[in-house]
Amino acid sequence: MSTPRVHYPWYKKEDTDAFFALFQNNIANFVIIAISMLGMGFPAEIVFGQVLPGAAVAVMAGNFYYAWSAARLARRENRADVTALSYGISTPVMFVFLFGVLLPAKNLTGDAELAWKVAVAACFISGLIEAAISLIGNWVQRHLPRAAMLGAVAGVALTFIAGEMLFKTLEIPVIGLLVLAITIVGLVARVSMPFRLPASLFAIVVGTALAYLIGAADGSKFSDAFTHLGFYPLLPNLAWYEGLGLLFTTMLALMTVILPITLYNAIETMNNVEAMSAAGDSYSVRECQAVDGLGTSLGALFGGVFPTTVYIATVGSKWMGAGRGYSLLNGAVYGLATMFGLIAFIAALIPVAVVASILVFVGMSMIATAFNSNHARYYPAVALAMLPYFANYLMTRFNRGAPEVMQGISSAIGALGQGAMFSAILLGAMCVAVIDRQFRQATVFALVAAGMAFVGLMHAPKLAWYAAPDFVHGYLLMALFFAWYAWRGVEPAPGPAGRAPAGD
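Residues numbered from 1 in each chain as written. Predicted model: local features only at pLDDT ≥ 70, side-chain atom pairs only at ≥ 80, totals over all residues. Heavy atoms only, no water.

## Thoughts on the overall build of the chain
And step 1. Along the backbone of the chain there are 23 helices and two strands.
And step 2. Expected size for 504 residues packed as a compact globule is a radius of gyration near 23 Å; at 23 Å, the chain falls within 12% of this value.
And step 3. Overall size of the chain, expressed as C-alpha extent along the three principal axes, is 70 × 65 × 55 Å.
And step 4. Counting the 504 residues in the chain, one finds 56% classified as buried.
And step 5. Accessible area for the chain stands at about 20,400 Å²; split by element, carbon and sulfur atoms hold 69% of it.
And step 6. The distance from the centre of the 26 positive side-chain charges to the centre of the 24 negative ones in the chain is 9 Å. (Helix = DSSP H or I, 4+ residues; strand = E, 2+ residues; numbered from the N terminus. Rg over C-alpha atoms; globule rule 2.2 N^0.38 Å. Buried < 20%, exposed > 50% of the residue type's maximum accessible area, 1.4 Å probe, protein only. Areas by Shrake-Rupley, 256 points an atom, 1.4 Å probe, with all protein chains shown as cover. Lys, Arg positive; Asp, Glu negative; His and termini not counted. Charge placed at Lys NZ, Arg CZ, Asp CG, Glu CD.)

Right, here's the structure in full:
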């Protein structure tokens, strides 16, 4: 007797909560892009007519693909509780492209249009590189411990998502604490809201209404938002092709920025797919890296300049019980909002403090998943992998405005914060290997870390030979220490191994 097929819905109530969480993530990035590029001197017709529509094409394509991929997984496993992967612009990569590609290109050329074309070419090449990296994605996932990968994700969640969004939530305590209470009751405890509204929607409605009632919302931003309304069609162009000539001649030095940040983006995708596997939905790392790379290149064909990735907030959507509807809705809304210039309008309507609490929940769920999906013996490795992101947070938030404050805390903050994703994974991997008494593996991870520090992927501000000599020497000493125990032949530890399961 055959098993009856389970119905996988196009949209369900829980998708609304997940939509608002993903929508807030993406809209924050779109608004930052607009404000930053306008501040650099890029004209509005490039920002709103080319860059944001190009980014929207990539976001639409990725979200629609991952909604289809979720339906495919649901059919294969005959489950109705599959959650589609979240997709959007990677925030760390966005800042690198803003200030490491667009700004230098603008300063060197003195021409906003030429600088935009160079950045489009850089984005196109970055996408192709990530698609190529996908060929080894599953192999890398199989050989990295889950505790190390999820510990790195939890470090991002604790600092940049849960931590920073809690700060934003409490900037208006009267509103923020109420919205936080709604989030805890509705999303953490899963208690139904009045009128059976989704918790995130109820929080946004109540919080926004209260903000305007007590005068906490900035009315001036609301009036300014109307200035960018219009029609911006999603049309391909040849800016990427025109920019290639400059990128590979006078701007070749930008490749030292593009290569490491693309590798970072590929590893971020791998970590986030692994987090979803731990939460119950197994997607192929190789496929996701290829989709992210091709989505990035597709966005560049339409004028976009920012690489896209599987979002770190996907696990939060899984915890909310979302399916594929939130991904479909997010892609559609961003396409329409960008075409009609509604990004600034929407951002001005809802105060940040109102939506930030939803992202606090997303960060909480990601940290919890990092621990829940690993055996208790690996908790120290998860914790160690989280720590480099404290340095990265301090570095990115204080290094420009108050470097003396950061230096006064510790001279190691800047070095540890540079390439934090790599150092987080490798330190966590060494810890897992040592817990398992697999000292040969620990030796290999230490040597890989030494190699990355040597070329500047870790602990250095840019790529260079012998970029971080003190760290190179330190990792080599670690490797010698581990190798000594491997030579002694220490018995492996009993119990479960820390190796991550293969993605498929």
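## A word on the environment of Gly-151
And step 1. Relative to the helices and strands, Gly-151 is located in helix H6 (residues 146-169).
And step 2. Taking the C-alpha atoms as reference points, Gly-151 and Gly-321, separated by 170 residues in sequence, lie 23 Å from one another.
And step 3. Those residues within four positions of Gly-151 in sequence are excluded, and the remaining contacts are Arg-146, Val-382, Ala-385 and Met-386. (Contact = heavy atoms within 4.5 Å.)

## Quick look at the nonpolar core
And step 1. Residues Met-37, Phe-42, Leu-247, Tyr-283, Phe-306 and Met-430 are the most contacted members of the largest nonpolar core, which totals 152 residues.
And step 2. Take this core: its biggest share by element is 13 residues, from helix H1 (residues 13-40). (Core = buried A, V, L, I, M, F, W, Y, C linked by side-chain atoms within 4.5 Å.)

## Some details on the state of the cysteines
And step 1. Using the criterion set out here, one finds zero disulfides in the structure.
And step 2. Just so you know, Cys-288 is unpaired, no disulfide at all, and the nearest cysteine sulfur is the one on Cys-123, 18 Å from it.
And step 3. By relative accessible area, Cys-288 is classed as buried at 2%. (Disulfide = S-S within 2.5 Å.)

## Quick word on the packing of helix H21 (residues 420-435) against helix H22 (residues 439-455)
And step 1. Where H21 meets H22, the closest approach of the two axes is 8 Å, and the angle between their N-to-C directions is 165°. Of the possible angle classes, the one that applies to H21 and H22 is roughly antiparallel. Crossing handedness for the pair H21 and H22: left-handed. In this structure, H21 uses Phe-422, Leu-426, Ala-429, Met-430, Ala-433 and Val-434 to contact H22, whose residues at the interface are Phe-439, Gln-441, Ala-442, Phe-445, Ala-446, Val-448, Ala-449 and Met-452.
And step 2. Of the residues belonging to the contact of H21 with H22, the class tally is 13 nonpolar, one polar and no charged. (Axes fitted to C-alpha atoms, helices over the stretch in contact; angles between N-to-C directions. Parallel < 35°, antiparallel > 145°, perpendicular 65-115°, else oblique. Left-handed = near helix turned anticlockwise from the far one by under 90°. Nonpolar A, V, L, I, M, F, W, Y, C, P; charged D, E, K, R; others polar.)

## Here's the deal with the side chain of Asp-15
And step 1. Mapped onto the elements, Asp-15 comes out in helix H1.
And step 2. Ignoring anything within four residues of it in the chain, the contact list for Asp-15 reads Trp-10, Ala-322, Gly-323, Arg-324, Gly-325 and Tyr-326.

## Examining the pattern of salt bridges
Pairing of side chains with opposite charge becomes possible as their charged atoms draw close.
And step 1. All chains considered together, the criterion is met by ten salt bridges.
And step 2. A salt bridge links Arg-377 to Asp-436; the nearest nitrogen and oxygen atoms lie 3.4 Å apart. Note that Arg-377 is positioned in the loop between helix H16 (352-372) and helix H17 (379-386) and Asp-436 in the loop between H21 and H22, a separation of 59 residues in sequence. Exposure class is identical for Arg-377 and Asp-436. Each is buried. (Salt bridge = Lys/Arg side-chain N within 4 Å of Asp/Glu carboxyl O.)

## Notes on the packing of H17 against H21
And step 1. Packing of H17 against H21 leaves a shortest axis separation of 8 Å and a crossing angle of 160°. Accordingly, the angle class assigned to the pair H17 and H21 is roughly antiparallel. In this structure, the crossing between H17 and H21 has a hand that is right-handed. Only Ala-424, Leu-427, Gly-428, Cys-431, Val-432 and Ile-435 of H21 make contact with H17, whose side of the interface consists of Pro-380, Ala-381, Leu-384 and Ala-385.
And step 2. When the residues that make up the contact of H17 with H21 are grouped by side-chain class, the tally is nine nonpolar, one polar and no charged.

Don't take any of this as a statement about function, it's just geometry.
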